Amino acid sequence: MASASKGQFSYDGGIEGLDNITFKQITDPLIAKDMTEITSYPYGGVVFFNKTDAVYYNELSGAEHIFNVKDLSGGTNKIYDLAVTNDGKYVIGTNNGIFCWYKGEVCRHLTRFDGLSDYKVDKIYIDDSGRWWFSTKETVGYYYEPKFTAVSSIEINPGSFGQDSTIINNVFSSV
């Protein structure tokens, strides 16, 4: 877990009851105090991140820097959310669309040209089927990679529920 004022902590073991749960503070120079966002890593450990950096951490090997926002591309200056696929790809919601970071480089960059309604991607979630779910200010959608590229989104115009306010956009192209 992470605290905005106290740093990062790991569970210290023990299952004797809720009164005996303890945590130990993680002290690693690669993990900045403002890394208060956490996502799980599919092979164990977690990823701590903030607006500019992501660091992988596990108890056995410690911390390893993954990327800085400057590694993504020009114009990208803020990480909003991050998730990790089952095959170890980092899917990153930024102010400049969705990036996929794999083996030390950007392997995919989704923008408005790919069907996103907005460049600012607030949330990322990877489901069991491998779809990259995302949300922007007014859109929820997903990207699906294995056999085809698809961005599907539903745009909701605030204040007009009950009327014909939903626009569905689907963009499909073969890989």
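These figures come from a predicted structure and were not determined experimentally.

### Remarks on the sheet that holds strand S2 (residues 7-11)
Here is step 1 of the chain: Strand order across the open sheet formed by three strands is S1-S2-S3, with antiparallel pairing between neighbours. Bordering the open sheet on either side are strand S1 (2-3) and strand S3 (23-25), each of which pairs with just one other strand.
Here is step 2 of the chain: For S2 and S3, the ladder comprises three bridges, and the chain directions are antiparallel. Along S3, the bridge assignment pairs phenylalanine 9 with glutamine 25.

### Re a nonpolar patch on the surface
Here is step 1 of the chain: Judged by side-chain polarity, Met1, Tyr11, Ile21, Phe23 and Ile38 come together as a nonpolar surface patch covering roughly 450 Å² of accessible area.
Here is step 2 of the chain: Looking at the secondary structure, you find methionine 1 in the segment before S1.

### Concerning the side chain of lysine 89
Here is step 1 of the chain: By the element assignment, lysine 89 lies in the loop between strand S8 (79-84) and strand S9 (90-94).
Here is step 2 of the chain: In this structure lysine 89 comes out as buried when scored by relative accessible area, which is 14%.
Here is step 3 of the chain: Once residues within four sequence positions are removed from consideration, lysine 89 is found in contact with Ala83, Val84, Cys100, Trp101, Tyr102 and Glu145.

### Quick notes on the pattern of salt bridges
Here is step 1 of the chain: Under the criterion given, the structure shown has three salt bridges.
Here is step 2 of the chain: Across the pair aspartate 122 and lysine 120 runs a salt bridge whose closest N-O atoms are separated by 2.7 Å.
Here is step 3 of the chain: Given a relative accessible area of 21%, aspartate 122 falls into the partly exposed group.
Here is step 4 of the chain: The shortest N-O distance in the salt bridge between aspartate 127 and arginine 131 comes to 2.6 Å.

### Focus: unusual backbone geometry
Here is step 1 of the chain: Unusually for a residue other than glycine, lysine 103 sits at a positive phi of about 50 degrees.
Here is step 2 of the chain: Following the sequence through the fold, lysine 103 ends up in the loop between strand S10 (97-102) and strand S11 (105-110).

### Structural notes on the pairing of strand S6 (residues 53-58)
Here is step 1 of the chain: Within S6, six of the six residues are buried, leaving the element largely enclosed by the surrounding structure.
Here is step 2 of the chain: Both faces of S6 are covered, namely the face carrying Asp53, Val55 and Tyr57 and the face carrying Ala54, Tyr56 and Asn58.
Here is step 3 of the chain: Strand direction decides the pairing type here: strand S5 (residues 46-49) and S6, joined by four bridges, are antiparallel. Looking across to S6, one finds that phenylalanine 49 is bridged to alanine 54.
Here is step 4 of the chain: Here S5 folds back onto S6, and the loop between the two strands holds three residues.
Here is step 5 of the chain: As judged from the six bridges shared by S6 and strand S7 (residues 62-68), these two strands associate in the antiparallel manner. Counted as the bridge partner of valine 55 is histidine 65 from S7.
Here is step 6 of the chain: The hairpin turn running from S6 into S7, its antiparallel successor, is three residues long.

### What to know about the environment of tyrosine 43
Here is step 1 of the chain: Structurally, the position occupied by tyrosine 43 is in the loop between strand S4 (37-40) and S5.
Here is step 2 of the chain: According to the relative accessible area criterion, tyrosine 43 is exposed, its value standing at 59%.
Here is step 3 of the chain: For the pair tyrosine 43 and glycine 88, spaced 45 residues apart in sequence, the C-alpha to C-alpha distance is 8.3 Å.
Here is step 4 of the chain: Leave out the neighbours within four places in its chain, and tyrosine 43 touches Asn86, Asp87 and Gly88.

Calculation rules
- Residues numbered from 1 in each chain as written.
- Predicted model: local features only at pLDDT ≥ 70, side-chain atom pairs only at ≥ 80, totals over all residues.
- Heavy atoms only, no water.
- Pairing = 2+ DSSP bridges.
- Helix = DSSP H or I, 4+ residues; strand = E, 2+ residues; numbered from the N terminus.
- Patch = residues over 30% accessible without salt bridge, like charges linked within 9 Å, V, L, I, M, F, W, Y side chains within 5 Å.
- Areas by Shrake-Rupley, 256 points an atom, 1.4 Å probe, with all protein chains shown as cover.
- Salt bridge = Lys/Arg side-chain N within 4 Å of Asp/Glu carboxyl O.
- Buried < 20%, exposed > 50% of the residue type's maximum accessible area, 1.4 Å probe, protein only.
- Contact = heavy atoms within 4.5 Å.

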